[in-house]
Amino acid sequence: MNGRISLRIGTALALVAAPYPLAAQTISATEAQELRAQIAALKAQVQQLESRLDSAVPAAAQQGQAAPTPAGQTPAQMAQAAPAQTDSDTTVGWKGSPVFSKGGASFKVKGRIQYDAGLLRAPDSVMDRATGYSNELRRLRLGGEGQLGGGFGYKLEVELSDNKVDAVDTYISYERGKWLVTLGNQNQFQSLDELVGDTTGSVMERAAFTDAFGFERRLGLAVQYRSGIVLAQAGIFSDNIDALANSSDGPNGGDENNSYGIDGRIVLAPKFGDTQLHFGLSGHWRDLQRLAENPQRYRQRPFLHAVNSYFLNSGDIAATGENHYGVELAGSHGPLWWAGEGHWLRVRRPGLADPTFFGGYGEIGYVLTGETRSYKNGIFGGVKPANPVGNGNGGLGAWQVTLRYDYLDMNDRDIVGGTQKAYIAALVWTPIEYLRFNLNYAHINYTDAAILAGSRSNYGVNVLGWRAELDF
């Protein structure tokens with residue numbers, strides 16, 4: 001590069017000096033001496049530039065900056081045009097919120113907002129203030145989940161619900177091949193409907209038995225095995241985080257809460273062409289230990305969580321533990337899906353016959369806009385609009401309808417907790433991914449209801465509910 005620069009400078013000097021042979025015959029000796037001095041000074045400056053280039057080229061090579069300077073650009077202009085310096089290993093994706101990934105590590109912000117409102121119409125003789133209009137902020141959830149590398153992951157979510165803050169899914173996980181181990185606050189594989197997310201369910205509220213039988217997240221250690229069409233899940237659990245808090249000390253919980261349970265579930269999920277099938281069985285055993293000093297109670301609202309009155313109620317039962325098991329049948333084909341479950345709960349009572357309660361549901365649903373409801377890892381997911389609102393093509397989002405029959409019977413032995421037969425219709429609109437609007441109607445027939453209509457315990461109620469929900 002120095003040779004090319006010297007050649008260019010020499011050529012310039014020759015061109016500058018070319019006219020001077022003719023002029024040399026007429027200039028004076030003094031002028032000639034001044035010209036020689038200027039040429040000598042110019043040569044000295046060229047030598048200095050070559051010296052600086054000789055020292056600059058090795059340094060540039062070490063820094064990986066051998067690229068030539070773009071012609072016609074000042075350093076300031078080049079600085080503005082250059083891309084910002086970033087860590088090339090970190091990528092940012094989008095799934096309703098930013099997803100940061102680097103190698104085997106990742107992090108995603110999670111959140112959920114659910115606003116519910118509803119109308120409960122009962123016979124005029126039902127003297128309960130819960131009838132009429134009600135509304136609530138059902139859930140306000142914030143958290144994060146991610147991978148740490150080496151197969152380790154985590155999830156942490158807290159939720160404002162019923163005017164208190166609870167920890168929901170909060171665990172550490174390890175995945176290796178077909179195995180997944182989780183330690184922390186989590187679901188215990190109770191049933192298909194319980195495991196489906198509340199923002200991806202087909203109706204506003206889960207099956208009545210899931211609430212009446214006390215399904216909830218609990219602190220424990222769980223193991224899952226996934227291979228082909230087989231999913232096997234098992235774990236040992238204590239109690240939910242609230243019941244283990246020091247503020248619950250005594251027979252209600254706290255550090256004296258030594259209750260524990262063992263839960264398991266197995267799913268077969270074969271697929272034939274476009275038809276996805278689901279067959280599941282679950283079994284659960286729990287010893288109440290110290291909690292047996294307080295009676296247990298099983299009860300249920302009339303489909304609306306905003307209503308805090310329980311139309312079915314077993315009353316207090318002196319119990320030492322619970323055994324329960326369930327059967328799951330479900331499937332999908334294109335925009336059509338179906339699901340049904342049956343669940344039996346036996347309450348162990350010392351010195352008395354054990355009552356067995358039963359709950360179940362059956363549903364059929366259809367996506368009017370043609371999409372398929374997702375299915376993965378033994379549970380149904382939501383519907384992703386193929387033509388979302390705002391896509392420039394007049395998109396209407398995804399529309400789905402569901403019809404469900406929901407049954408609950410808590411009458412057995414000497415326990416009269418009542419029965420319900422609920423007929424539910426739901427319309428769900430998903431204008432864009434992560435946002436849904438849910439409209440439900442339910443007619444519920446009660447037998448042996450805990451809340452009387454005058455002197456009658458057998459009557460029906462009508463429920464209209466709607467929900468707006470954002471989940472990311």
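Residues numbered from 1 in each chain as written. Predicted model: local features only at pLDDT ≥ 70, side-chain atom pairs only at ≥ 80, totals over all residues. Heavy atoms only, no water.

K.L.:
How would you explain the overall build of the chain if you had to name every residue and give the values?
P.N.:
Helices and strands together make up the secondary structure of the chain, namely seven helices and 23 strands. When the 472 residues of the chain are sorted by exposure, 40% land in the buried category. Looking at the chain alone, contacts between residues at least 24 apart form 60% of all its contacts between residues at least 6 apart. Counting only carbon and sulfur atoms, one obtains 58% of the accessible surface of the chain, whose full area is about 24900 Å². (Helix = DSSP H or I, 4+ residues; strand = E, 2+ residues; numbered from the N terminus. Buried < 20%, exposed > 50% of the residue type's maximum accessible area, 1.4 Å probe, protein only. Contact = heavy atoms within 4.5 Å. Areas by Shrake-Rupley, 256 points an atom, 1.4 Å probe, with all protein chains shown as cover.)

K.L.:
Can you tell me about the nonpolar core, naming the residues and giving the values?
P.N.:
Judged by nonpolar contacts, the single largest core of 54 residues is most densely connected at F213, F357, L408, I444, Y446, Y459 and V461. Looking at this core, the elements that each hand over two or more residues are α6 (208–212), β16 (336–348), β17 (356–367), β20 (398–412), β21 (415–432), β22 (435–447) and β23 (459–471). (Core = buried A, V, L, I, M, F, W, Y, C linked by side-chain atoms within 4.5 Å.)

K.L.:
Let's hear about the pattern of salt bridges: which residues, and what values?
P.N.:
With the rule as written, the count across this model stands at 32 salt bridges. Ionic pairing is found between E205 and R138, a salt bridge with its closest N-O pair at 2.7 Å. Of this pair, E205 sits in the loop between α5 (192–195) and α6 while R138 sits in strand β4 (residues 132–149), and the two are 67 residues apart along the sequence. Of the two residues, E205 and R138, neither departs from the other in class, the shared state being buried. E363 is paired through a salt bridge with R373; the nearest N and O atoms lie 3.8 Å apart. With E363 in strand β17 and R373 in the loop between β17 and β18 (375–376), this residue pair connects regions lying 10 residues apart in the sequence. Both residues of the pair, E363 and R373, belong to the buried class. Shared partners join several salt bridges into a network, and the residues in it are R112, R139, R141, K155, E157, E159, D169, D198, R217 and D471. (Salt bridge = Lys/Arg side-chain N within 4 Å of Asp/Glu carboxyl O.)

K.L.:
For the side chain of E371, give the residues involved together with the corresponding values.
P.N.:
By the secondary structure assignment, E371 is in the loop between β17 and β18. Buried charge without a salt bridge: E371, with K384 as the nearest opposite-charge side chain at an N-O distance of 11 Å. A distance of 2.5 Å separates polar atoms of two side chains, one belonging to E371 and the other to T369. From its side chain, E371 meets the backbone nitrogen of A386 in a polar contact 2.8 Å long. (Lys, Arg positive; Asp, Glu negative; His and termini not counted. Polar contact = N/O pair within 3.5 Å; in protein donor to acceptor, adjacent residues only side chain to side chain.)

K.L.:
Mind laying out the environment of N308, listing which residues take part and the relevant values?
P.N.:
Structurally, N308 is set in the loop between β13 (299–300) and β14 (312–313). The spacing of N308 and S134 is 174 residues in sequence and 9.9 Å in space, taken between C-alpha atoms. Within the local environment of N308, its side chain forms a polar contact with the side chain of R301, the two groups lying 3.2 Å apart.

K.L.:
Could you give an account of the pairing of β21, naming the residues involved and the relevant values?
P.N.:
Of the strand pairs in this sheet, β20 and β21 are connected by 14 bridges, and their pairing is antiparallel. Its bridge partner lying in β21, R404 is registered against I424. Note: β21 against β22, 12 bridges, orientation antiparallel. Within the sheet, the bridge partner assigned to W429 lies in β22 and is F437. Between β21 and β22, which pair antiparallel one after the other, the connecting turn spans two residues, and Y434 there sits at a positive phi close to 85 degrees. (Pairing = 2+ DSSP bridges.)

K.L.:
Which residues make up the confidence of the model for the chain, and what are the values?
P.N.:
Low-pLDDT portions of the prediction should not be read for the details of their coordinates. Looking at the chain as a whole, its pLDDT mean stands at 88, while 86% of the residues score no less than 70. Predicted confidence for residues 1–25 stays below pLDDT 50, and this span has 10 contacts to residues more than four positions away or in other chains. Here residues 59–85 is modelled with pLDDT under 50, and outside its nearest four sequence neighbours on either side it reaches six contacts, counting other chains as well. (pLDDT = per-residue confidence, 0-100.)

K.L.:
Break down the packing of aromatic side chains for me, with residues and values.
P.N.:
Applying the stated criterion across every chain, the model contains 19 aromatic pairs. Centroid distance Y325 to W344: 5.4 Å. Interplanar angle 20 degrees. Geometry classified as stacked. In this pair, Y325 sits in strand β15 (residues 321–333) while W344 sits in strand β16, placing the two residues 19 residues apart along the sequence. Cluster of aromatic residues (ring-pair linked, three or more members): Y325, W344, F358 and Y407. When the ring centre of Y310 is taken as origin, the NZ or CZ atom of R299, which lies over that ring, is 3.9 Å away. (Phe/Tyr/Trp six-rings, centres within 6.5 Å; stacked < 30°, edge-to-face > 60°. Lys NZ or Arg CZ within 6 Å of the ring centre and 35° of its normal.)

K.L.:
Give me the pairing of strand β1 (residues 90–94): which residues, what numbers.
P.N.:
One ladder, built from five bridges, connects β1 with strand β2 (residues 98–102); its direction is antiparallel. Pairing of T90 across the sheet is with K102, part of β2. In this antiparallel pair of consecutive strands, β1 and β2, the connection spans three residues, and G96 shows a positive phi of 80 degrees.

K.L.:
If you had to explain unusual backbone geometry to someone new, which residues and values would you point to?
P.N.:
Leave glycine aside and you will find that most residues have negative phi; peptide bonds, for their part, are mostly trans. Even without glycine at this site, Q289 takes up a positive phi of about 50 degrees. Inspection of the secondary structure puts Q289 in the loop between β12 (275–287) and β13. On the basis of relative accessibility, which here comes to 33%, the residue Q289 falls in the partly exposed class. A positive phi angle is found at N377, which is not glycine, with a value near 55 degrees.

K.L.:
Could you give me a rundown of the environment of Y459, with the residues and numbers involved?
P.N.:
Following the sequence through the fold, Y459 ends up in strand β23. Taking the C-alpha atoms as reference points, Y459 and Y446, separated by 13 residues in sequence, lie 5.4 Å from one another. In contact with Y459, not counting residues within four places along its chain, are P123, V126, F311, I444, N445, Y446, A449, I451, L452 and A453. Reaching out from Y459, the side chain makes a polar contact with the backbone oxygen of I451 at a distance of 2.5 Å.

K.L.:
Describe in detail the side chain of R112, supporting the description with residues and values.
P.N.:
Within the secondary structure, R112 sits in strand β3 (residues 105–121). Only 3.1 Å separates the side chain of R112 from the side chain of D471, close enough to count as a polar contact. Excluding anything up to four places from it in sequence, R112 contacts R139, L140, R141, D198, T199, L470 and D471.

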